[in-house]
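Listed below are the residues making up each chain.
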There are 2 protein chains.
Amino acid sequence: MKKLGYTCGLDAAIDVVGGKWKALILWELHDEPRRFGELRRSVVGISEKMLIQQLREMEHCGLVHREVYYEVPPKVEYSLTEFGQSLNTALLPLGDWGEKHMRTIEAIPRP
Amino acid sequence: MKKLGYTCGLDAAIDVVGGKWKALILWELHDEPRRFGELRRSVVGISEKMLIQQLREMEHCGLVHREVYYEVPPKVEYSLTEFGQSLNTALLPLGDWGEKHMRTIEAIPRP
DNA sequence: CAGCATCCTGTACGATACTG
DNA sequence: CAGTATCGTACAGGATGCTG
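Residues numbered from 1 in each chain as written. Chains lettered and ligands numbered in written order. Predicted model: local features only at pLDDT ≥ 70, side-chain atom pairs only at ≥ 80, totals over all residues. Heavy atoms only, no water.

## Overview of the UniProt feature "domain: HTH hxlR-type" (unreviewed entry) in chain A
Argument step 1. In this numbering, the UniProt entry assigns the feature "domain: HTH hxlR-type" (unreviewed entry) to residues 8–106 of chain A.
Argument step 2. Regarding residues 8–106 of chain A, the helix share stands at 61% and the strand share at 14%, and the terminal C-alpha atoms are separated by 30 Å. (UniProt positions renumbered as here; feature names shortened; annotations may be inferred. Helix = DSSP H or I, 4+ residues; strand = E, 2+ residues; numbered from the N terminus.)

## As for the packing of helix α5 (residues 82–100) of chain A against helix α1 (residues 9–17) of chain B
Argument step 1. Viewed as axis vectors pointing N to C, α5(A) and α1(B) meet at an angle of 90°, and their least axial separation amounts to 7 Å. Between α5(A) and α1(B), the angle falls in the class roughly perpendicular. Contact with α5(A), carried on its side by A:Leu91, A:Leu94, A:Gly95, A:Trp97, A:Gly98 and A:Glu99, involves B:Gly9, B:Leu10, B:Ala12, B:Ala13 and B:Val16 of α1(B) and no other residues of that element.
Argument step 2. Of the residues that constitute the contact of α5(A) with α1(B), the class distribution is seven nonpolar, three polar and one charged. (Axes fitted to C-alpha atoms, helices over the stretch in contact; angles between N-to-C directions. Parallel < 35°, antiparallel > 145°, perpendicular 65-115°, else oblique. Contact = heavy atoms within 4.5 Å. Nonpolar A, V, L, I, M, F, W, Y, C, P; charged D, E, K, R; others polar.)

## Brief notes about the pattern of salt bridges
Argument step 1. On inspection of all chains with the given rule, the structure shows 12 salt bridges over all chains.
Argument step 2. Across the pair A:Arg34 and A:Glu32 runs a salt bridge whose closest N-O atoms are separated by 3.6 Å.
Argument step 3. On the accessibility criterion, A:Arg34 (18% relative accessible area) is buried.
Argument step 4. A salt bridge links B:Arg40 to B:Glu48; the shortest N-O distance between them is 2.2 Å.
Argument step 5. Taking the relative accessible area as the measure of exposure, B:Arg40 reaches 34% and is therefore partly exposed.
Argument step 6. Residues joined in a network through salt bridges with shared partners are A:Asp31, A:Glu32, A:Arg34 and A:Glu38. (Salt bridge = Lys/Arg side-chain N within 4 Å of Asp/Glu carboxyl O. Buried < 20%, exposed > 50% of the residue type's maximum accessible area, 1.4 Å probe, protein only.)

## Side note on the packing of aromatic side chains
Argument step 1. Here the structure, examined in full by the defined rule, presents two aromatic pairs over all chains.
Argument step 2. The aromatic ring of A:Tyr69 is capped on one face by A:Lys75, whose charged end is 4.8 Å from the ring centroid. (Phe/Tyr/Trp six-rings, centres within 6.5 Å; stacked < 30°, edge-to-face > 60°. Lys NZ or Arg CZ within 6 Å of the ring centre and 35° of its normal.)

## So, the side chain of A:His101
Argument step 1. Mapped onto the fold, A:His101 is located in the loop between α5 and α6 (102–107).
Argument step 2. When its relative accessible area of 16% is taken as the criterion, A:His101 is described as buried.
Argument step 3. Look past the residues within four positions of A:His101 in its chain and what remains in contact with it is B:Phe83 and B:Ser86.

## A closer look at the protein's contact with DNA strand C
Argument step 1. As a matter of local geometry, DNA strand C sits amid 20 residues, with A:Lys20, A:Lys49, B:Arg35, B:Arg66 and B:Tyr78 nearest to it.
Argument step 2. Of what DNA strand C places within 4 Å of the protein, 59% of the atoms are sugar or phosphate.
Argument step 3. Counting only elements with at least two residues in the surface near DNA strand C, the list comes to α4 (48–60) of chain A together with α3 (36–42), α4 (48–60) and β3 (75–80) of chain B.
Argument step 4. Broken down by element, the surface near DNA strand C gets its largest block of residues, four residues, from α4(B). (Near = heavy atom within 4 Å.)

## Remarks on the interface of chain B and chain A
Argument step 1. Facing the 44 residues of chain B at the interface are 44 residues of chain A.
Argument step 2. Across the chain B to chain A interface the summed buried area is about 4000 Å²; carbon plus sulfur atoms make up 78%.
Argument step 3. On the chain B side of the interface with chain A, the three residues burying the most area are B:Leu10, B:Leu94 and B:Trp97, jointly 17% of the side's total.
Argument step 4. Where chain B touches chain A, the interface holds zero salt bridges.
Argument step 5. Here the residues of the side of chain B that touches chain A sort into 26 nonpolar, 10 polar and eight charged. (Buried area = accessible area lost by both parts, 1.4 Å probe.)

Below you can see the structure in the form of structure tokens.
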């Protein structure tokens, strides 16, 4: 969410879902709502700071819905909006591509 | 191209096509080979440094083929490999999604 | 024309500790 | 449990000038 005046659809999409974590979070939410703690565990390697930051941004873009249950202990559930679902669907082929070529990608020699 | 040990296909795909420019370059190459100067003009806003850097990385990953014509003046053409084509295809739905929701995305208030 | 070499900056991301 | 608050760093990305 930085620029304005996108040059094409891909440009706009990447601006929304870009970065290291958003697509992964989106994926974790694809089938059912998740609590903060669940996400922290399932999105391997993410810090609390990044998780909450990315969630807030996605909420701000209308991709994610945040539902607070006023209980003790606290409970908050994150879920995809229709908008988020549509983005997730658009990401499926990319995920499949990655899955199919994972070995190849892993085998690329790093500098 | 940073990590190893991807947690899912999407993770791997994003590692390959991530960043601000690679997907856009891929798109520019989708229908026919392009010369360096052509790319510099059509990928709006990219610097020479970033263009050559991204091209080299994509070449290294086997997504792009670099063909040098030993002429005067110099001529170099970049084109997609089969691998690159397949990635580009996987990105199509995302591009469509972006195209469709561009107005919505542009309308999101920035911080 | 197609690059390479430098220098510089912002920020994305990370580690750690603390709170309602 | 679900976050805040700080502090710190690496690297993505940018600006400019030069070269075979």
